[in-house]
Amino acid sequence: MIHLFNLDEKNFVIDVNSGLIHEISDVVYDILTLDSQLMKLDQEKLSNKYRQQDVDEAYDAIKDLVDKQLLFTASNDIVPKLKPVLKAMCLNVAHDCNLTCEYCFASQGDYQGHRSLMSLETGKQAMDYILENSGNRTNLEVDFFGGEPLMNFEVVRELVHYGKAKEPLYNKHFRYTITTNGVLLDDEKMDFINTYFDNIVLSLDGTKETNDEIRKTLTGKGSYDHVVPKMQAAVKKRKEKSYFIRGTFTGKNLHFADDVAHLRSLGFKSLSMEPVVTQPGDKLEIKPMDLDIVKEEYDALYKLYKERMDSDEDFSFFHFEIDLDQGPCLYKRIAGCGAGNEYIAITPEGHIYPCHQFIGDESFLIGTLSSGITNKDIQDQFYQNNVLTKEACKQCWAKYFCSGGCHANAYHFNQDLGKPYEMGCEMEKKRIECAIRLKAERIERMENNDH
Amino acid sequence: MKHIKSLTTKKLSHNLVSKGCGECQTSCQSACKTSCTVGNQKCEK
């Protein structure tokens, strides 16, 4: 299986099964489009456009790739290597929030339940749970999440120390992340986060207008003016350590490229902008009719990224950063996000869900910290739904990049874990094409510098 | 480039015996939290 695309005056072919990516000339692109069986049946169409010598050379170059098994490679005859082992946990330390963001999948923090904070005792139980159930995995990840985790920061602080103290006893290494709206950030908390956390994700949607339309305080005021200076101070303190400014775009505001540019103008360099997760019919839903606009926005963002590349104004955009040589292995690409198996989410009450986006839906409650995971059937459903089994994925060129997409999106839109959210797929494909084009740009610039 | 320039050299099937250690980052723990992009994770090996 191959995928052909062109973007910004360059053509590419992806050999899906091997993951190899080749930049190709116009004539190779046309041959693979018109004559993918390489039967030389469409010579006339080609000869109207190219010299015969070029066509012959292009055929030879393609044949050479095929002979070297770098194009039209066989499908991967592989099964998932091992039953996955728990290694990551989304720890919802606060089902409460000090903002009332309209799109929040956590229903403004409480996940359709009552507002609550995780006790230190439950938090320790959760840390013990991952330590004791992570087999021979060394690196464990805990994302302090909510709601708003800074509303329960004393528990966060205690749990960080608790985990660190337990590391040598279990031969484990914790990587901590915190995802926050920034309202309660201050110097003291940032110092702690900088000391112990591998990553901090700060939620901000873009311009004041965009952000304040959705991200409001409890009194209905926009949050931009309050959080931006705090986030700027936080990122300055972060120095070389990892952080992300993470925005959300919705059907109500599709022009997110301007928002990314604005975030960069605020001094932030590590950026992410995600499509909203909604139920079908929600007023913020990104609809199929919006797809062309969304793709244009990714093109605009691509252009901005390319213009700024290697300059003082450069930035990283999460979905454009694909390492084509040192990316994840095939097993990981098949296993996908690992929800329900490698990754779980824990509520303040100690309930276990396959991931943070299923919290509140009792039919996805898979266990408790006291009982452990008891609903193995649901756990198995998540495991079984992968790119090798999902019909839509089997035929898709992007399957080894997205690994089947988000289970929660699939379920919320199609009530079926085995049926990917099509809009999400289309957006992902566009992002991958932009990422590959930017990689080609980077390679070309390096080659030009070398000469 | 006359006709073809390969941007990648390693096949996904390369050296599979040593792969699948599971030590890499879980994709949803990174920046997204809402859309799965496994392809931009890093291999730990």
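See the structure printed just above.
Every value quoted in this text rests on a predicted model; they were computed, and no experiment measured them.

## What to know about the interface of chain B and chain A
Move 1: Of the residues lining the interface, 42 residues belong to chain B; the matching set on chain A comes to 82 residues.
Move 2: For the pair chain B and chain A, the summed buried surface comes to about 5200 Å²; carbon and sulfur atoms form 53% of the total.
Move 3: Considering only the surface of chain B that becomes buried against chain A, His-3, Leu-7 and Leu-12 of chain B emerge as the three largest contributors, covering 15% of it.
Move 4: Summed over the shared surface of chain B and chain A, the result is 6 salt bridges.
Move 5: In this structure, the salt-bridge partner of Asp-323 of chain A is Lys-42 of chain B, at a minimum N-O distance of 3.3 Å.
Move 6: Here the residues of the side of chain B that touches chain A sort into 14 nonpolar, 19 polar and 9 charged.
Move 7: Note that strand β3 (residues 20-24) of chain A and strand β1 (residues 4-6) of chain B share 3 bridges and pair antiparallel. The partner of Glu-23 of chain A across the bridge, within β1 of chain B, is Lys-5 of chain B.

## Details of the packing of aromatic side chains
All names here are of chain A.
Move 1: Enumeration according to the criterion identifies 21 aromatic pairs over all chains in this entry.
Move 2: Taking the centre distance of 5.5 Å and the plane angle of 90 degrees together, the rings of Phe-244 and Phe-318 count as edge-to-face. On the criterion of sequence distance, the pair formed by Phe-244 in strand β9 (residues 242-249) and Phe-318 in the loop between β11 (316-317) and α11 (330-335) is long-range, its members being 74 residues apart.
Move 3: Overall, the relative accessible area of 12% leaves Phe-244 in the buried class.
Move 4: A centroid spacing of 5.4 Å and a plane angle of 70 degrees characterise the contact between Tyr-305 and Phe-315, whose relative ring orientation is edge-to-face. Of this pair, Tyr-305 sits in helix α10 (residues 291-308) while Phe-315 sits in the loop between α10 and β11, and the two are 10 residues apart along the sequence. We note that Tyr-305, like Phe-315, is buried.

## Let's talk about the pattern of salt bridges
All names here are of chain A.
Move 1: On inspection of all chains with the given rule, the structure shows 36 salt bridges over all chains.
Move 2: Across the pair Lys-208 and Asp-225 runs a salt bridge, and its minimum N-O distance is 2.9 Å. Separated by 17 residues along the polypeptide, Lys-208 in helix α7 (residues 208-214) and Asp-225 in helix α8 (residues 224-238) bring together distant segments of the chain.
Move 3: The partly exposed category is assigned to Lys-208, whose relative accessible area is 39%.

## Describing the sheet that holds β1 of chain B
Backbone-to-backbone hydrogen bonds pair the strands of a sheet. The strands run either parallel or antiparallel.
Move 1: Overall, antiparallel pairing links the 4 strands, which are arranged β1(A)-β2(A)-β3(A)-β1(B) in an open sheet. Edge positions in the sheet fall to β1 (2-7) of chain A together with β1 of chain B, since each of these pairs with one other strand and no more. In this sheet, adjacent strand axes meet at a mean angle of 25 degrees when their direction is disregarded.
Move 2: Relative to β3 of chain A, strand β2 (residues 10-15) of chain A is paired through 5 bridges, and the arrangement is antiparallel. Counterpart to Phe-12 of chain A in the pairing with β3 of chain A is Glu-23 of chain A.

## Some points on the side chain of Asn-17 of chain A
Move 1: With respect to the helices and strands, the residue Asn-17 of chain A is situated in the loop between β2 and β3.
Move 2: By relative accessible area, Asn-17 of chain A is classed as buried at 6%.
Move 3: Looking at Asn-17 of chain A, its side chain comes within polar contact range of the main-chain oxygen of Ala-74 of chain A, at 3.4 Å.
Move 4: Residues contacting Asn-17 of chain A, with those up to four places away along its chain left out, are Met-1, Thr-73, Ala-74, Ser-75, Asn-76 and Tyr-400 of chain A together with Leu-12 of chain B.

## Observations concerning helix α4 (residues 120-132) of chain A
Move 1: Spanning 13 residues, α4 of chain A covers 18 Å between terminal C-alpha atoms, matching the ideal 18 Å at 1.5 Å per step.
Move 2: Every buried residue of α4 of chain A is accounted for by Thr-122, Gly-123, Ala-126, Met-127, Asp-128, Tyr-129, Ile-130 and Leu-131 of chain A.

## Some details on the pairing of strand β10 (residues 270-275) of chain A
Residue and element names in this part refer to chain A.
Move 1: Counting buried positions along β10 gives 6 out of 6 residues, so the element sits mostly inside the fold.
Move 2: Here 5 bridges tie β9 to β10, and the two strands are oriented parallel to one another. Bridge assignment links Arg-246 to a residue of β10, and that residue is Ser-272.
Move 3: Once you follow β9 into helix α9 (residues 256-265) and on to β10, the crossover reads as right-handed.
Move 4: One ladder, built from 2 bridges, connects β10 with β11; its direction is parallel. The residue bridging Leu-271 from the neighbouring strand is Phe-317, located in β11.
Move 5: Handedness of the crossover joining β10 and β11 through α10 is recorded here as right-handed.

## Describing the nonpolar core
Move 1: Counting residues in each nonpolar core, the largest one holds 130 residues, and the members touching the most others are Leu-91, Phe-144, Leu-204 and Ile-245 of chain A.
Move 2: Within the second largest apolar cluster, 15 residues are counted, among which are Ile-24, Ile-31, Tyr-59 and Ile-62 of chain A.

## As for unusual backbone geometry
Residue and element names in this part refer to chain A.
Move 1: With an omega of 15 degrees, the peptide bond between Gly-146 and Gly-147 qualifies as cis.
Move 2: Positive phi, normally seen in glycine, also occurs at Leu-38, with a value near 55 degrees.
Move 3: Relative accessible area serves as the criterion here: at 26%, Leu-38 is assigned to the partly exposed category.
Move 4: One non-glycine residue with positive phi stands out, namely Asp-310, at about 65 degrees.
Move 5: Its location among the elements puts Asp-310 in the loop between α10 and β11.

## Some details on the pairing of strand β8 (residues 197-203) of chain A
Looking along a regular strand, one sees side chains alternate from face to face of the sheet.
All names here are of chain A.
Move 1: Counting buried residues along β8, 6 of its 7 residues qualify, which places the element largely inside the surrounding structure.
Move 2: In this sheet, β8 lies alongside strand β7 (residues 173-180) in parallel orientation, the contact comprising 5 bridges. Bridge assignment links Tyr-176 to a residue of β8, and that residue is Phe-197.
Move 3: Each parallel crossover has a hand, and the one from β7 via helix α6 (residues 187-196) to β8 is right-handed.
Move 4: With 5 bridges connecting them, β8 and β9 associate as parallel partners. Paired with Asn-199 across the strands is Ser-242, a residue of β9.

Here is what the cut-offs are and how they apply
- Residues numbered from 1 in each chain as written.
- Chains lettered and ligands numbered in written order.
- Predicted model: local features only at pLDDT ≥ 70, side-chain atom pairs only at ≥ 80, totals over all residues.
- Heavy atoms only, no water.
- Contact = heavy atoms within 4.5 Å.
- Buried area = accessible area lost by both parts, 1.4 Å probe.
- Salt bridge = Lys/Arg side-chain N within 4 Å of Asp/Glu carboxyl O.
- Nonpolar A, V, L, I, M, F, W, Y, C, P; charged D, E, K, R; others polar.
- Pairing = 2+ DSSP bridges.
- Helix = DSSP H or I, 4+ residues; strand = E, 2+ residues; numbered from the N terminus.
- Phe/Tyr/Trp six-rings, centres within 6.5 Å; stacked < 30°, edge-to-face > 60°.
- Buried < 20%, exposed > 50% of the residue type's maximum accessible area, 1.4 Å probe, protein only.
- Axes fitted to C-alpha atoms, helices over the stretch in contact; angles between N-to-C directions.
- Polar contact = N/O pair within 3.5 Å; in protein donor to acceptor, adjacent residues only side chain to side chain.
- Expected span 1.5 Å × (residues − 1).
- Right-handed = clockwise from strand over helix to strand, strands pointing away.
- Core = buried A, V, L, I, M, F, W, Y, C linked by side-chain atoms within 4.5 Å.

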